[in-house]
Amino acid sequence: MKEYEYKVSAAGRINVIGEHIDYCGGKVMPAALSLKNTVYIRPNGTNKINISWTTLPDKVTLDIDKLDSYRNLKYGNYQAGAALMWQRAGHKIIGCDMLHDCTVPFGSGLSSSAAIEVSTIAALATIAGETLDKVDIALKAQQAEREYTGVNCGIMDQYASACGKKDSVMLLDCNTLECEYLPLRLGDYSLVITNCNKPHSLIESKYNERREETERALKLLQQHIDIKCLAELSNADYKKYATVLTGVLSKRIEHIVSECERVRMAMQALKAGNIEILGGLLNKSHASLRDNCEVTGREPDALVQAAQAQSCCIGSRLIGGGFGGCTISLVKTKYIDEFKEFTFNSYLKATGFKAEFYDSEISDGIVITKL
Ligand code: GLA
């Protein structure tokens, strides 16, 4: 890749706990992965961005003056959206050639789209000689996902993709964007990432619907109590005003209130090195995602069940937006091979799908290398 000037990467992510909480202003616990999107980039002296991929035969050219017109591209739309939001924020976009190399599996719930958006902006800013503000890049990448791609997401994925730190989980307050980094010390256990291989698309899924439901619930509750976001709702207030909400809205709030509490307990457990407690919280989180938030489905439930059935696994849950994608499981390190084999076979038997396991480390978010 000698002929390129810079190599700029941004990470995929897992989320230890705190699901469907970021857009409610709560705390979440993501970590950046060594699975990432890397952009090799060089200025080309034109007003065009030429994009190619290491893993796709496609080539796409974007006109810098028409970045708004690429929403329907099969590939290149994330890059166009990210560049457009950066441009709209007043940054100069320089014509360039980009080669994208993505090791985050698409549609896996590991935030390939955030990794593409964040690395695209970071690469464009780098060749323009700008000093990088990672949080600002994350916010513009989120804006791209919402306004260009149409997924009304929170800030968790883009923040983790940009600001993650090696071997650390992040305790991110999605209301204030304050972030505490905690070393991920799991003792005798390891986190295993497993893809149920039922592809999911947040665009087609009910992700936006979940978000609308929580907004409706917030408005109803605000007629009675002074809260700015649902994460501020205490357990006591939730009980007091439970009757204001009916049907699915009350289930959604049940998830939010209980998941926020689980994040608090998970942080304490991690700080105290009590990994068994953390495992139990992952199991409860999955149950709530299934029964209250209703974002799991046959395949993710079967995969989690196969994991939870084993004594070497102390916790397992679906991560990300839901409706497919990946689970994380806390597994005794010395039994990982047995765990994978049992999980693969039992999940195949239950669903006909082949589970896939990823070996990934917890890594830094944006990384820039001059070539
Ligand atoms: C997707 C979104 C995030 C977050 C998760 C669910 O990954 O992009 O903002 O809402 O779902 O926790």
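Summarised in this report is the structure supplied together with it. A quick note: this is a predicted structure, and the numbers were derived from the prediction, not measured.

What counts, and where the lines are drawn
Residues numbered from 1 in each chain as written. Predicted model: local features only at pLDDT ≥ 70, side-chain atom pairs only at ≥ 80, totals over all residues. Heavy atoms only, no water. Helix = DSSP H or I, 4+ residues; strand = E, 2+ residues; numbered from the N terminus. Expected span 1.5 Å × (residues − 1). Buried < 20%, exposed > 50% of the residue type's maximum accessible area, 1.4 Å probe, protein only. Contact = heavy atoms within 4.5 Å. Near = heavy atom within 4 Å. Polar contact = N/O pair within 3.5 Å; in protein donor to acceptor, adjacent residues only side chain to side chain. Areas by Shrake-Rupley, 256 points an atom, 1.4 Å probe, with all protein chains shown as cover. Phe/Tyr/Trp six-rings, centres within 6.5 Å; stacked < 30°, edge-to-face > 60°. Lys NZ or Arg CZ within 6 Å of the ring centre and 35° of its normal.

**As for helix H1 (residues 77-88)**
Phase 1: With 12 residues, H1 should reach 16 Å at 1.5 Å per residue; the first-to-last C-alpha distance of 16 Å fits that figure.
Phase 2: Taking burial as the measure, the 12 residues of H1 include 9 buried ones, the bulk of the element.
Phase 3: Within H1, the full set of buried residues consists of Asn77, Gln79, Ala80, Gly81, Ala82, Ala83, Leu84, Met85 and Trp86.
Phase 4: As for H1, its buried residues are in contact with strand E4 (48-53), strand E5 (59-63), strand E6 (96-102), helix H2 (112-127) and helix H3 (134-149).
Phase 5: Gly90 lies just past H1 and shows a positive phi near 100 degrees.

**Digging into the environment of Met98**
Phase 1: Among the structural elements, Met98 can be located in strand E6.
Phase 2: Here Met98 falls in the buried class, since its relative accessible area comes to 1%.
Phase 3: When neighbours within four sequence positions are excluded, Met98 is seen to be in contact with Val39, Tyr40, Ile41, Ile49, Asn50, Ile51, Ser52, Thr120 and Leu124.

**Notes on the site of the ligand**
Phase 1: By nearness alone, 13 residues border the ligand, and Glu19, His20, Asp22, Asp157 and Tyr207 come closest of all.
Phase 2: In the model, an oxygen atom of the ligand is placed 2.6 Å from a nitrogen or oxygen of the Glu19 side chain.
Phase 3: In this structure, Asp22 approaches the ligand through a side-chain N or O atom, which is 2.5 Å from an oxygen atom.
Phase 4: Relative to its free-state accessible area of 310 Å², the ligand is covered by the protein chains to the extent of 97%.

**A closer look at the packing of aromatic side chains**
Phase 1: Per the counting criterion, the structure on display carries 3 aromatic pairs.
Phase 2: Geometrically, the ring pair formed by Tyr23 and Tyr207 is edge-to-face, given 5.8 Å between the ring centres and 80 degrees between the ring planes. With Tyr23 in the loop between strand E1 (6-15) and strand E2 (27-28) and Tyr207 in helix H5 (residues 207-222), this residue pair connects regions lying 184 residues apart in the sequence. Each member of the pair Tyr23 and Tyr207 is classed as buried.
Phase 3: One Lys or Arg, Lys370, reaches over the ring of Tyr6 and ends 5.1 Å from the middle of that ring.

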